[in-house]
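If you want the building blocks of each chain, they are given just below.
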Amino acid sequence: MKPEHSWTPSISADPRLASSVIRLLELVESTPSGVAGALRFGEHGAILVDNRKICWAFARDMRFGLTELLQNQYEPALPRADIEGVYRRCRQEGRPITEGLLEHGLTSELGLRRALSKHHGEAIAQLARTFTTPSDFAPSRPGYDVRYSFTAAEMLALSGANVDPSRAARAQSELATHLVDETTGAAFVRSQASSGALVIAVAPHCQLPLVDLLDVLKRATSLFDVADVFDPGISLLRAACCERTALVAWRDQGVCYAGLCASRAATARLMSSLSERLTAPAFAYAEPPRQKGAARP
Amino acid sequence: MNQRPRFAGDQSGEYARAPLDFGLASIANGELLECAVGGEARTRLEDMSATLPVLVDTLGEVSRRRLATLLGGEPAGASYSELVLVSKDHVYVVQPLQNREGLALVSVSPTTTSMGKILSDVHAAVGGLDAE
């Protein structure tokens, strides 16, 4: 496989652009629940949505298309004609393109999801650059495979991950290691570009509305800031939301994590897992090592 | 808490308690109002208490209720707002008291290996104070 960071959506650290991306993703979340349709941005492009998840996005002036992304998943690159041939056959047969690509062994499920996320991320980045609002939301029949659709939180994290793909991959692995049933969560770093928190990884299928996710991440950061006043070594905290639910936040190597627990048992398991690691001799809260970006595994 | 609190962590008994020091602090101004211990433990409790107004406010009531709702919890019970903070060497617990508005039990333990015991002792202490 080729390193993939050479094909990443062009989200920049520009605060105005980051805010514009968030605004677009919040528009996706504001579409009617259970309804498929297109958020159309006139001549600039569109975001196709099914039940508030992003199924497809396109924009004018995209730097790369899905075909290029699929071609360049392999070394040497796949012949363009092979991929376009599958597109053609699927259209003739009225089948989803994703199905054809997998059937012909041109990509894997994971590879396809990665390629689609980058494609849609690039489209959303380009749409965000236009700072336009959608002209309408046109309902349509649902027809996309839910395996290849993305929540707003997932798409935001995929965009944020591009700032440092290797750090994002570590953060995703950290979430996978510690988050248990009945929890969801996200990893983030401080950033002036995105209202204080740049989301770099989220739990799979995280459905927390962006406005709430970003709010809780900012509050977790603030809690650590206040805790630093009396003990800068504090790297794990638990704040009860009610008798059952809680926010668990931790930080490691410059990355902050927030786990949202829907039950006392989930909170206990997450705290246990994290405090075991915290008290292990090898663990010490530290700033992140400076590493050059590497491809996601 | 001018006298040794009856829920002090190092009391002897059948149940081996975690080392734990307590104080009673004002959420409004961060003052440590009562504390039976001195030395480093007292300093830690004072320093933590001083941040209480901001600490408790940071995850405000509205935000906690909203999160509880999103997570399928019971926002009606959102006055339950325990905060636990863990470093490599210490566990801190802030527990606002239900029956003594504006006050919180603040606790610090110099061990992180007995989290369950620490929380049990804190809850027992809170129960005692709330019952007073």
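What you are looking at is a predicted structure, and each value in this text was computed from that prediction instead of being measured.

**Thoughts on the overall build of chain B**
Piece 1. In terms of regular secondary structure, chain B is built from 4 helices and 5 strands.
Piece 2. The secondary structure elements of chain B, listed N-terminal to C-terminal, are β-β-α-α-α-β-β-β-α.
Piece 3. Counting all 132 residues of chain B, 52% fall into the buried class.
Piece 4. Looking at chain B alone, contacts between residues at least 24 apart form 54% of all its contacts between residues at least 6 apart.
Piece 5. By element, 48% of the accessible surface of chain B is carried by carbon and sulfur atoms, the whole surface being about 6000 Å².

**Here's the deal with the state of the cysteines**
Residue and element names in this part refer to chain A.
Piece 1. By the definition in use, this model includes 0 disulfides over all chains.
Piece 2. Counting only cysteine sulfurs, cysteine 261 is the nearest neighbor of cysteine 256, a cysteine outside any disulfide, at a range of 16 Å.
Piece 3. A relative accessible area of 12% places cysteine 256 in the buried class.

**Focus: the nonpolar core**
Piece 1. Judged by nonpolar contacts, the single largest core of 86 residues is most densely connected at Leu25, Ile47, Ile124 and Leu217 of chain A together with Leu85 of chain B.
Piece 2. Excluding residues within four positions of it along the chain, leucine 85 of chain B makes contact with Ala227, Phe230, Ile234, Leu236 and Leu237 of chain A together with Leu55, His90, Val91 and Tyr92 of chain B.
Piece 3. By size, the runner-up hydrophobic cluster in this structure holds 40 residues, among which are Ala161 of chain A together with Phe22, Val93 and Leu105 of chain B.

**Some remarks on the pattern of salt bridges**
Residues and elements named next belong to chain A.
Piece 1. With the rule as written, the count across this model stands at 23 salt bridges over all chains.
Piece 2. Aspartate 145 serves as the salt-bridge partner of arginine 147, at 2.6 Å between the closest nitrogen and oxygen.
Piece 3. Counted as one network, the salt bridges with shared partners bring together Glu93, Arg95, Glu99 and Glu103.

**Brief notes about the interface of chain A and chain B**
Piece 1. Listed per partner, the contact involves 39 residues of chain A and 36 residues of chain B.
Piece 2. For the pair chain A and chain B, the summed buried area comes to about 3100 Å², and 67% of that belongs to carbon and sulfur atoms.
Piece 3. The largest share of the area that chain A buries against chain B comes from Phe230, Arg238 and Cys241 of chain A, three residues that together contribute 22% of it.
Piece 4. Along the contact surface separating chain A from chain B lie 3 salt bridges.
Piece 5. Between the two partners, chain A and chain B, sit 12 residue pairs in polar contact (both at pLDDT 80 or more).
Piece 6. Counted by class, the side of chain A that touches chain B contains 25 nonpolar, 6 polar and 8 charged residues.

**Points about the environment of leucine 66 of chain A**
Residue and element names in this part refer to chain A.
Piece 1. Within the secondary structure, leucine 66 sits in helix α2 (residues 66–71).
Piece 2. Taking C-alpha positions, leucine 66 is 9.7 Å from serine 117, a pair spaced 51 residues apart along the chain.
Piece 3. Once you skip the residues sitting within four places of it in the chain, leucine 66 turns out to touch Trp56, Tyr87, Ala115, Leu116 and His119.

**Re the sheet that holds strand β1 (residues 36–40) of chain A**
All names here are of chain A.
Piece 1. Read from one edge to the other, the open sheet built from 4 strands follows the order β3-β2-β1-β4, with strand pairing classed as antiparallel. In the strand order of this sheet, the two ends are held by β3 (53–59) and β4 (136–140), each with one partner. Geometrically, the sheet is characterised by an average inter-axis angle of 20 degrees between neighbouring strands, direction not taken into account.
Piece 2. Here β1 runs beside strand β2 (residues 45–50); their pairing, made up of 5 bridges, is antiparallel. Looking at β2, one finds that alanine 36 is bridged to aspartate 50.
Piece 3. Sitting on the sheet, helix α5 (residues 109–130) is in contact with β2 and β3, with an inclination near 60 degrees to β3.

**With respect to the sheet that holds strand β5 (residues 183–191) of chain A**
Piece 1. Spatial strand order, β6(A)-β5(A)-β9(A)-β8(A)-β7(A)-β3(B)-β4(B)-β5(B)-β1(B)-β2(B): 10 strands in an open sheet with antiparallel pairing. Two strands bound the open sheet, and with one partner strand each, they are β6 (196–202) of chain A together with β2 (32–35) of chain B. Averaged over neighbouring strand pairs, the angle between their axes works out to 20 degrees when direction is ignored.
Piece 2. With 6 bridges joining them, strand β1 (residues 21–26) of chain B and strand β5 (residues 103–109) of chain B adopt antiparallel strand pairing. Bridge assignment links phenylalanine 22 of chain B to a residue of β5 of chain B, and that residue is serine 107 of chain B.

**Things to note about the pairing of β1 of chain B**
Successive side chains on a regular strand alternate, one facing one side of the sheet and the next facing the other.
All names here are of chain B.
Piece 1. Most of β1 sits inside the fold, with 5 of its 6 residues counted as buried.
Piece 2. Direction of pairing for β1 relative to β2: antiparallel, over a ladder of 3 bridges. Looking at the pairing, alanine 25 lines up with leucine 32 of β2.
Piece 3. Remark: 5 residues form the turn of the hairpin made by β1 and β2, two consecutive strands paired antiparallel; glycine 30 in that turn has positive phi of roughly 75 degrees.

**Describing the packing of α5 of chain A against helix α6 (residues 152–161) of chain A**
To describe two helices that pack against each other, one gives the angle between their axes and the distance between the axes.
Residue and element names in this part refer to chain A.
Piece 1. It is the contact of α5 with α6, at a shortest axis distance of 10 Å, that shows an interaxial angle of 85 degrees. Classified by the angle between their axes, α5 and α6 sit roughly perpendicular to one another. In contact with Arg113, Ser117, His120, Gly121 and Ile124 of α5, α6 contributes Glu154, Met155 and Leu158.
Piece 2. Broken down by class, the residue content of the contact of α5 with α6 amounts to 3 nonpolar, 3 polar and 2 charged.

**Considerations on the confidence of the model for chain B**
Piece 1. Per-residue pLDDT for chain B averages 83, and the proportion of residues at 70 or more is 83%.
Piece 2. Prediction confidence for the complex, expressed as pTM and ipTM, is 0.83 and 0.86 respectively.

**Some words on unusual backbone geometry**
Residues and elements named next belong to chain A.
Piece 1. Looking along the chain, the bond that leaves glutamate 75 and enters proline 76 is cis, with omega of 0 degrees.
Piece 2. Along the chain, proline 76 turns up in the loop between α2 and α3 (80–93).
Piece 3. Residue arginine 52 is not a glycine yet carries a positive backbone phi of 70 degrees.
Piece 4. Relative to the assigned elements, arginine 52 resides in the loop between β2 and β3.
Piece 5. Judged by relative accessible area, arginine 52 falls into the partly exposed class, the value being 36%.
Piece 6. With phi around 50 degrees, glutamine 253 is a residue other than glycine that occupies positive phi space.
Piece 7. Assignment of secondary structure puts glutamine 253 in the loop between β8 (246–252) and β9 (255–261).
Piece 8. Note on glutamine 253: relative accessible area 30%, which makes it partly exposed.

Here is what the cut-offs are and how they apply
- Residues numbered from 1 in each chain as written.
- Chains lettered and ligands numbered in written order.
- Predicted model: local features only at pLDDT ≥ 70, side-chain atom pairs only at ≥ 80, totals over all residues.
- Heavy atoms only, no water.
- Helix = DSSP H or I, 4+ residues; strand = E, 2+ residues; numbered from the N terminus.
- Buried < 20%, exposed > 50% of the residue type's maximum accessible area, 1.4 Å probe, protein only.
- Contact = heavy atoms within 4.5 Å.
- Areas by Shrake-Rupley, 256 points an atom, 1.4 Å probe, with all protein chains shown as cover.
- Disulfide = S-S within 2.5 Å.
- Core = buried A, V, L, I, M, F, W, Y, C linked by side-chain atoms within 4.5 Å.
- Salt bridge = Lys/Arg side-chain N within 4 Å of Asp/Glu carboxyl O.
- Buried area = accessible area lost by both parts, 1.4 Å probe.
- Polar contact = N/O pair within 3.5 Å; in protein donor to acceptor, adjacent residues only side chain to side chain.
- Nonpolar A, V, L, I, M, F, W, Y, C, P; charged D, E, K, R; others polar.
- Pairing = 2+ DSSP bridges.
- Axes fitted to C-alpha atoms, helices over the stretch in contact; angles between N-to-C directions.
- Parallel < 35°, antiparallel > 145°, perpendicular 65-115°, else oblique.
- pLDDT = per-residue confidence, 0-100.

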